[in-house]
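Chain by chain, the residues:
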Amino acid sequence: MEQETIVITGAGQRIGFALAKHFNAQGFSVVVSYRTERQGVAELKAMGVECIPADFGSDKGIHQFSRAVAEKHNSIRAIIHNASDWNCEKDTDDYAALLDQMMQVHVKAPYLINLALAPFLSSHVSADIIHFTDYVVRKGSAKHIAYSASKAALENMTLSFAQKLAPNVKVNSIAPALIMFNETDDDAYKEKALSKSLMGVAPGEEEVVNAVDFIMKSNYMTGQSVNLDGGRALK
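No experiment lies behind these values; they were computed from the predicted model shown. Residue numbering note: each chain is counted from 1, following its sequence as written. Only residues with pLDDT of at least 70 get local features here, since the model is predicted, and only at 80 or more are side-chain atom pairs given and counted; chain-wide, interface and lining totals rely on the full set of residues. Water and hydrogen atoms were dropped before computing side-chain values, which therefore reflect all heavy atoms in the structure.

This part covers the packing of helix α4 (residues 95-117) against helix α5 (residues 145-165). Every axis corresponds to a line fitted to the C-alpha atoms, with the helix fit spanning only the stretch in contact, and the corresponding angles, defined between N-to-C directions, vary from 0 to 180 degrees. Helical segments are the DSSP runs of H or I of at least four residues, strand segments are the runs of E of at least two, and each set is numbered from the N terminus. In contact at an axis separation of 8 Å, α4 and α5 are set at 15° when each is read in the N-to-C sense. As summarised for this structure, α4 and α5 are arranged roughly parallel, according to the angle between their axes. By crossing handedness, the relation of α4 to α5 is classed as right-handed. From α4, L98, L99, M102, M103, H106, V107, P110, Y111, N114 and L115 reach across to α5, where they touch A146, Y147, S150, K151, A153, L154, M157, F161 and K164. Basically, the charged four are Asp, Glu, Lys and Arg, the nonpolar ten are Ala, Val, Leu, Ile, Met, Phe, Trp, Tyr, Cys and Pro, and anything else, Gly included, counts as polar. The residue makeup of the contact of α4 with α5, split by class, is 14 nonpolar, 3 polar and 2 charged. Just so you know how the angles are binned, under 35 degrees is roughly parallel, over 145 roughly antiparallel, 65 to 115 roughly perpendicular, and the rest oblique. For a crossing to be left-handed, the near helix must be turned anticlockwise from the far one by less than a right angle; the clockwise case is right-handed. Residue contacts follow a heavy-atom distance rule, with two residues in contact if any of their heavy atoms lie within 4.5 Å.

Ranked by internal contacts, the top residues of the largest apolar core, which has 33 residues, are I8, L19, F23, V32, I174 and V212. Every element with two or more residues in this core is listed here: β1 (5-9), α1 (14-25), β2 (29-34), α2 (39-47), β4 (76-81), β5 (127-132), α7 (205-217) and β7 (225-228). Residues within four places of V212 in sequence aside, it is in contact with L19, F23, I80, I130, F132 and I174. Note on terminology: a nonpolar core comprises buried Ala, Val, Leu, Ile, Met, Phe, Trp, Tyr and Cys residues joined through side-chain atoms within 4.5 Å. Exposure classes here rest on a 1.4 Å probe applied to the protein chains alone. A residue is buried below 20% of its type maximum, exposed above 50%, and partly exposed in between. Ranked by size, the runner-up nonpolar core spans 26 residues in total, among them A54, F56, I62 and A162.

With that settled, consider unusual backbone geometry. Put simply, A166 and P167 share a cis peptide bond, and its omega is 0°. Its location among the elements puts P167 in the loop between α5 and β6 (169-176). Of note, R14 is a non-glycine position whose phi angle comes to about 55°, a positive value. With respect to the helices, strands and loops of the structure, R14 is situated in helix α1.

Residues three or four positions apart in an α-helix share a direction because the helix packs 3.6 residues into each turn. Expected helix span is taken as 1.5 Å per residue step, with the number of steps being one fewer than the number of residues. Compared with an ideal rise of 1.5 Å per residue, which puts 12 residues at 16 Å, α1 spans 17 Å between its outermost C-alpha atoms and is within 8% of the ideal. Three or more residues of α1 are buried, namely I15, G16, F17, A18, L19, A20, H22 and F23. The positive-phi residue at the C-terminal boundary of α1 is G27, with phi of around 95°.

Along the chain, the position of N172 falls in strand β6. N172 sits in the buried class, given a relative accessible area of 0%. Engagement of the side chain of N172 in a polar contact is seen with the backbone oxygen of M221, the distance being 3.0 Å. In contact with N172, other than residues within four places in its own chain, are I129, I130, H131, T158, I215, M221, T222, G223 and Q224. For this analysis, a polar contact is any N or O atom pair within 3.5 Å, provided that within protein one partner can donate a hydrogen and the other can accept it, and provided that sequence-adjacent residues contribute only side-chain to side-chain pairs.

Right, let's talk about the environment of I174 for a bit. Among the secondary structure elements, I174 is positioned in strand β6. Taking relative accessible area as the criterion, I174 reaches 0% and is therefore assigned buried. As for I174 and Y135, which are separated by 39 residues in sequence, their C-alpha atoms are 8.9 Å apart. In this structure, I174 is in contact with I130, H131, F132, T133, D134, A211, V212, I215, V226 and L228, ignoring residues within four places of it in sequence.

For α7, with 13 residues, the first-to-last C-alpha span of 19 Å sits near the 18 Å given by 1.5 Å per residue. Looking at the buried positions of α7, the neighbouring elements they touch are β1, α1, β4, β5, β6 and β7.

Below, the discussion takes up a nonpolar patch on the surface. Together, L198, M199, V201 and L234 line one region of the surface with nonpolar side chains, adding up to about 450 Å² of accessible area. Positionally, M199 belongs in the loop between α6 (187-194) and α7. Residue M199 is classed as exposed on the basis of its relative accessible area, which comes to 58%. Residues form patches when they are more than 30% accessible in relative terms and have no salt bridge. Like charges link within 9 Å. Nonpolar side chains (Val, Leu, Ile, Met, Phe, Trp, Tyr) link within 5 Å. In these tables, accessible area is a Shrake-Rupley quantity obtained with a 1.4 Å probe, and a residue counts as shielded only by the protein chains included in the view. Salt bridge criterion: a side-chain nitrogen from Lys or Arg within 4 Å of a carboxyl oxygen from Asp or Glu.

As structure tokens, this is what we get:
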């Protein structure tokens, strides 16, 4: 049987990096996109992970990535859309460009990649597409309006692709809140962030890896969103 492929976008660091290592250790052929050369990219290459530079800020970058995957991999077990951009209204006065940027990366890229690679998703097992959205989909964000809107659009697109690709492909999303801190986050910020959820912890990337495994092991769940927020919505 041909080795199955896991495609992960935005895997140069943090959650995407952890997922790439996880599936590589399980024996999958792993293909990832990255925008910036980082230490994590070098580590993944050393492990044998196929790392493709891709800038999803342009349609050309999206199409080039899709073609690069399709040319070499015709048995894709899962597409995991982790690539993300983080920008907000307070950092710009070009609001039209900001909205275009958020929609480009969080909506157009998954949309075009899904359509391009759907013919290559594994036919002998239940394949998966997983979109990473955000906790703010449920409540919005006054500070990140364009970002929140784009992630909400991605969650809605989960429903549409679930209908389009059933029953051979399951399409779900994961909506995380705080998962892990940056090295530059100070103690005051950490304390404030932790106080926003019932669990009061930053669980780390393994929590997301477990959620992805749960979705992929299911034979029945599609069109759903896993809210990985530590009970934040209840506080």
